[in-house]
Amino acid sequence: YPGIFWAAYASSAAVQPKIDFWQYWSTIEQHMPANCTADVKAVVSLIDGVLDSGNQTRMTEIKTQFGLGSLGTLDFVNTINIPFRTWQTLQPASARNSLVYPFCDALETQGSQVASAEGWGAQIALPKYAELFRTVIASLCGNTTTEALQACDSFVTIGFNASRYASTDVDSDLRPWMWTLCNEAGWFQPGPPNGGGIVSKHFNVQAWATFCSEAFPGTFTNSLTEFQARVDVTLQQYNGWNTMANRVFVVNGRRDPWLEVTLSATEANAASTDIRPIYLTNGFHGSDISHANAVVEPSIGEVWNQALTTFPRWVSEFERRGSAASEVGSGPFGLVVVVTSVTLSLLAVF
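A brief structural summary.

Definitions and limits used
Residues numbered from 1 in each chain as written. Predicted model: local features only at pLDDT ≥ 70, side-chain atom pairs only at ≥ 80, totals over all residues. Heavy atoms only, no water. Helix = DSSP H or I, 4+ residues; strand = E, 2+ residues; numbered from the N terminus. Buried < 20%, exposed > 50% of the residue type's maximum accessible area, 1.4 Å probe, protein only. Contact = heavy atoms within 4.5 Å. Areas by Shrake-Rupley, 256 points an atom, 1.4 Å probe, with all protein chains shown as cover. Phe/Tyr/Trp six-rings, centres within 6.5 Å; stacked < 30°, edge-to-face > 60°. Lys NZ or Arg CZ within 6 Å of the ring centre and 35° of its normal. Core = buried A, V, L, I, M, F, W, Y, C linked by side-chain atoms within 4.5 Å. Pairing = 2+ DSSP bridges. Polar contact = N/O pair within 3.5 Å; in protein donor to acceptor, adjacent residues only side chain to side chain. Arc of directions from axis to C-beta. Salt bridge = Lys/Arg side-chain N within 4 Å of Asp/Glu carboxyl O. Disulfide = S-S within 2.5 Å.

**What about the overall build of the chain?**
For step 1, the next point in the chain: The number of helices and strands found in the chain is 13 helices and eight strands.
For step 2, the next point in the chain: For the chain, with 350 residues in total, the buried portion stands at 50%.
For step 3, the next point in the chain: Summarising the internal contacts of the chain: among those between residues at least 6 apart in sequence, 68% fall at separations of at least 24.
For step 4, the next point in the chain: Of the roughly 15500 Å² of accessible surface on the chain, 53% is carried by carbon and sulfur atoms.

Written out as structure tokens, the structure is:
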């Protein structure tokens, strides 16, 4: 809204709507400990292979190992990535404040031995992964029974307990967020379509579409064509990576799982200019809006210094266009500086 906002600061702003956002997990894979990434990929690939083969007996054995024998296949492959969803809670000032690191530490050690960057391999990693998962879920939910999981605030997956998204309570933040995804933005976070990631390829875009139709009955079908059309409307309205708004100070984090739908995405090819500078820090999601992070992470501190020189210059340019400082904000085109950030739920993958 260039007629309303003269200047803006965009922190970790996801601007490109897309239905299949499997790249959400790619950033996490790249920045998790290498041995942990290798072993999680190995376990998920093993599970995908079992599912591809149609061996239901073996699949039941694996689900039982994880303490999730009562779950259906889609719920199971979605549920076992719970530790990695917490990546989005990480910040430079609290770099290990997430399930990811204690999980990976436990997965990649045996006594005094630590796995190499290649990990232990699937045969060793699978039972360790399953045992750790049972421990994690039991600590969060008290048990791994269907009833305990359905009642557990920390355990929310699409499909399995979708009734949580049906709540119209004013304090519910899950339902409006999912409405945004289903109705406008897409940003479905499945596994990579060809496999080989930390999330199963069987947890796919169609699973998300089906969830939307079940969470909002009578509103959506489970047709991917319908959801793509909705995302296309949003893209046409706001231009995604092709947005050309001036005086927007853009800051993204290299370790942010939302990176590939920001203006710093590999596919975006967005140029950083004086009128729309784009900075890429070593931060996570929204890291640059915290002073504590700016103190411990030099790349964020430098961005703060740049902002302190850029915004006064942009404000002075507004005043030179005919508005005295005392008049700023009093007319129909008053000066407004806004900070915007995509703020997301902890469980961003449902």
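**Some thoughts on the packing of aromatic side chains**
For step 1, the next point in the chain: Enumeration over the complete set of coordinates arrives at 28 aromatic pairs.
For step 2, the next point in the chain: Between Phe220 and Phe227, the aromatic rings sit 5.5 Å apart at their centres with planes inclined by 40°, giving tilted as the arrangement.
For step 3, the next point in the chain: Given a relative accessible area of 6%, Phe220 falls into the buried group.
For step 4, the next point in the chain: Here a set of aromatic residues connected by ring pairs shows up, and it is made of Trp179, Phe188, Phe203, Trp208, Phe216, Phe220 and Phe227.
For step 5, the next point in the chain: Sitting over the ring of Trp6, Arg247 keeps its end group 3.6 Å from the ring centre.

**Observations concerning the nonpolar core**
For step 1, the next point in the chain: Judged by nonpolar contacts, the single largest core of 63 residues is most densely connected at Ile47, Phe66, Phe76, Tyr129 and Trp187.
For step 2, the next point in the chain: The element contributing the most residues to this core is helix H7 (residues 122–141), with nine residues.
For step 3, the next point in the chain: In contact with Ile47, other than residues within four places in its own chain, are Met59, Ile62, Phe76, Val77 and Ile80.

**Details of the pairing of strand E6 (residues 248–253)**
For step 1, the next point in the chain: Extensive coverage of E6 is indicated by the burial of six of its six residues.
For step 2, the next point in the chain: Residue alternation in E6 divides its side chains into two sets, Val248, Val250 and Asn252 and Phe249, Val251 and Gly253, and both sets are buried.
For step 3, the next point in the chain: Sheet topology places strand E1 (residues 7–11) next to E6; four bridges connect them, and they run parallel. Bridging from a neighbouring strand, Ala8 pairs with Val248 of E6.
For step 4, the next point in the chain: Inspection of the sheet shows E6 paired to strand E7 (residues 278–281) by four bridges, in the parallel sense. Looking at the pairing, Gly253 lines up with Thr281 of E7.

**Overview of the side chain of Ser98**
For step 1, the next point in the chain: Of note, Ser98 is situated in the loop between helix H5 (82–85) and helix H6 (100–107).
For step 2, the next point in the chain: Separated by 3.0 Å, the side chain of Ser98 and the backbone nitrogen of Val100 make a polar contact.
For step 3, the next point in the chain: Apart from residues no more than four positions distant in its own chain, Ser98 is found in contact with Pro83, Thr86, Trp87, Thr89 and Leu90.

**Describing H6**
For step 1, the next point in the chain: Within H6, the full set of buried residues consists of Val100, Tyr101, Phe103, Cys104 and Leu107. Axial view of H6: buried residues confined to an arc of 160°, hence all on one face.
For step 2, the next point in the chain: Tucked inside the fold, the buried residues of H6 contact helix H1 (24–31), helix H2 (34–53), H5, strand E3 (109–110) and H7.

**Looking at the pattern of salt bridges**
Two side chains with opposite charge may pair up if their charged atoms get near one another.
For step 1, the next point in the chain: Tallied over the entire structure, the rule returns six salt bridges.
For step 2, the next point in the chain: Between Lys18 and Glu267 there is a salt bridge, with the nearest N and O atoms lying 4.0 Å from each other. Of this pair, Lys18 sits in strand E2 (residues 18–20) while Glu267 sits in the loop between E6 and E7, and the two are 249 residues apart along the sequence.
For step 3, the next point in the chain: Linking Arg58 and Glu61 is a salt bridge whose minimum nitrogen-to-oxygen distance equals 3.3 Å. Separated by three residues within a single helix, Arg58 and Glu61 lie in helix H3 (residues 56–65), roughly one turn from each other.
For step 4, the next point in the chain: For Arg58, a relative accessible area of 27% gives the class partly exposed.

**Thoughts on the state of the cysteines**
For step 1, the next point in the chain: This model, assessed by the stated rule, comprises two disulfides.
For step 2, the next point in the chain: Here Cys36 engages in a disulfide with Cys104; their sulfurs sit 2.1 Å apart. Disulfide Cys36-Cys104: torsion about the S-S bond near -70°, hence left-handed. Of the two residues, Cys36 sits in helix H2 while Cys104 sits in helix H6, which places them 68 residues apart along the sequence.
For step 3, the next point in the chain: Paired through a disulfide, Cys182 and Cys212 show a sulfur-sulfur distance of 2.0 Å. The sign of the S-S torsion, about -80°, decides the handedness of the disulfide formed by Cys182 and Cys212: left-handed. With Cys182 in helix H9 (residues 174–185) and Cys212 in helix H10 (residues 205–215), this pair connects stretches of sequence that are 30 residues apart.
For step 4, the next point in the chain: Owing to a relative accessible area of 1%, Cys182 belongs among the buried residues under this scheme.

These figures capture arrangement, not role.
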